[in-house]
Amino acid sequence: MLMEMLLLGLLGSTHCLAMCGGFMLAVRGRAAAYQAGRLLGYSLAGAALASAGWAARLGLGNRLFLVAAGCGMLAMGLGLAPARVPGLARLLLILGPLLRRPFWLGLITGALPCGLLGAAWMLAATSDSPQAGALSMAAFWLGTLPAHLLARSLQPLARRYPRAGSWVVAAIGLSMLARALWPEAWCA
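What counts and how
- Note on numbering: residues in each chain are counted from 1, in written sequence order.
- With the structure being a predicted model, the display of local features is reserved for residues of pLDDT at least 70 and the display and counting of side-chain atom pairs for 80 or more, all residues being used for whole-chain, interface and lining totals.
- With hydrogens and water stripped out, all remaining heavy atoms of the structure feed into the side-chain values.
- Secondary structure follows DSSP: runs of H or I at least 4 residues long count as helices, runs of E at least 2 residues long count as strands, and numbering of each begins at the N terminus.
- Partly exposed describes any residue whose relative accessible area lies between the buried limit of under 20% and the exposed limit of over 50%, with all areas from a 1.4 Å probe on protein chains only and scaled to the type maximum.
- Any pair of residues with heavy atoms lying within 4.5 Å of one another is described as a contacting pair.
- Only the protein chains shown count as cover for residues, and all accessible areas are computed by the Shrake-Rupley method using a 1.4 Å probe.
- Along the arc lie the directions from the helix axis toward the C-beta atoms.
- With axes taken as lines fitted to C-alpha atoms, and helix axes fitted only over the stretch in contact, angles between N-to-C directions fall between 0 and 180 degrees.
- Roughly parallel covers angles under 35 degrees, roughly antiparallel covers those over 145, roughly perpendicular covers 65 to 115, and oblique covers all other angles.
- Note on convention: near helix rotated counterclockwise from far helix by under a right angle means a left-handed crossing. Clockwise means right-handed.
- For this analysis, a nonpolar core means a set of buried residues of the types Ala, Val, Leu, Ile, Met, Phe, Trp, Tyr and Cys, connected via side-chain atoms within 4.5 Å.
- Each patch is built from residues lacking any salt bridge and having more than 30% relative accessible area; the joining distance is 9 Å for like charges and 5 Å for nonpolar side chains (Val, Leu, Ile, Met, Phe, Trp, Tyr).
- Only one rule defines a salt bridge in this text: a Lys or Arg side-chain nitrogen within 4 Å of an Asp or Glu carboxyl oxygen.
- A pair of aromatic rings is counted whenever rings of Phe, Tyr or Trp (Trp by its six-membered ring) have centres within 6.5 Å, and the orientation is called stacked for planes under 30 degrees apart, edge-to-face for over 60 and tilted otherwise.

Here we come to the overall build of the protein chain. Scanning the protein chain from terminus to terminus reveals 10 helices and zero strands. Taken over 188 residues, the protein chain has a buried fraction of 45%. In the protein chain, once contacts between residues fewer than 6 apart in sequence are set aside, the share between residues at least 24 apart is 84%. Within the structure as shown, the protein chain displays about 9700 Å² of accessible surface, and the carbon and sulfur contribution to it stands at 72%.

Here is the structure:
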């Protein structure tokens, strides 16, 4: 799963340029603090989601949960499922003064209404433990890091291929479905 998360972040990160590229340009010389906040926020979200996913798998069964998460990722990738969180804009306005600090801005990005991040959340929820969930989200963060660090120079690429991230999300969703439906074909 770590490789899937790394590839999801790396190949889907053209989307990051459109959504978070402005943050990177805004924090300029304080990018390390911003990235540290992102890493912590993503890892905490991964641990929490893996815990919730583990509890859900106890009730649903591992294969059924994997099918549900895979269908959700496929729907997000194809643009069929919204990735919006109601009230998030209001929350960001309330937290405005705090978000002027790069670390806290990075930390809150772990909860942004982003289709690519939502797909990573679904994949993290299929982790076997909170530690594995945190590690998987750290791998996703690592995959997105090059695009964040090269935000200014990669923005033309993001404009040219605006749906690239969506196709990566859909492909990972299909791989999750295949793993659930044909587990014998996948290595443990």
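It is worth spelling out helix α1 (residues 2-12) at this point. Along α1, the residues classified as buried are Glu 4, Met 5, Leu 8, Gly 9 and Gly 12. Buried residues of α1, viewed axially, fall in a sector of 130°; they line one side.

The element helix α7 (residues 115-125) is largely enclosed, with a buried count of eight among its 11 residues. Within the sequence span of α7, burial applies to Leu 116, Leu 117, Gly 118, Ala 119, Ala 120, Leu 123, Ala 124 and Ala 125.

A packed helix pair is summarised by two numbers, namely the angle formed by the two axes and the spacing between the axes. Where α1 meets helix α8 (residues 130-149), the closest approach of the two axes is 7 Å, and the angle between their N-to-C directions is 30°. Taken together, the axes of α1 and α8 are roughly parallel relative to one another. Crossing geometry of α1 relative to α8 is assigned as right-handed. Here α1 contributes Leu 2, Met 5, Leu 6, Leu 8, Gly 9 and Leu 10 to the contact with α8, which in turn contributes Leu 135, Ser 136, Met 137, Ala 139, Phe 140, Leu 142, Gly 143, Thr 144 and Pro 146.

With that out of the way, let us pick up the nonpolar core. Grouped burial of nonpolar side chains is what soluble globular proteins tend to show. Core analysis: the biggest nonpolar cluster contains 16 residues, and Met 5, Leu 8, Met 137 and Phe 140 have the highest contact counts within it. Those residues in contact with Phe 140 that lie beyond four places of it in its chain are Met 5, Leu 6, Leu 8, Gly 9, Tyr 42, Leu 116, Leu 117 and Ala 120. In terms of nonpolar packing, the next biggest core, distinct from the first, is built from nine residues, Met 24, Val 27, Ala 31 and Ala 151 among them.

Taken together, the side chains of Met 3, Leu 7, Leu 10 and Leu 11 present a nonpolar region at the surface, about 370 Å² in accessible area. On the secondary structure map, Leu 11 appears in helix α1.

Here we come to the environment of Leu 10. Relative to the elements of secondary structure, Leu 10 occurs in helix α1. Spatially, the C-alpha atoms of Leu 10 and Trp 141 are 8.8 Å apart, while their sequence positions differ by 131 residues. Among all residues touching Leu 10, those that are not within four sequence positions of it are Gly 143, Thr 144 and Pro 146.

According to the stated counting rule, one finds two aromatic pairs in the structure shown. Here Phe 103 and Trp 104 contribute two aromatic rings whose centre-to-centre distance is 5.4 Å and whose plane-to-plane angle is 85°, an arrangement assigned as edge-to-face.

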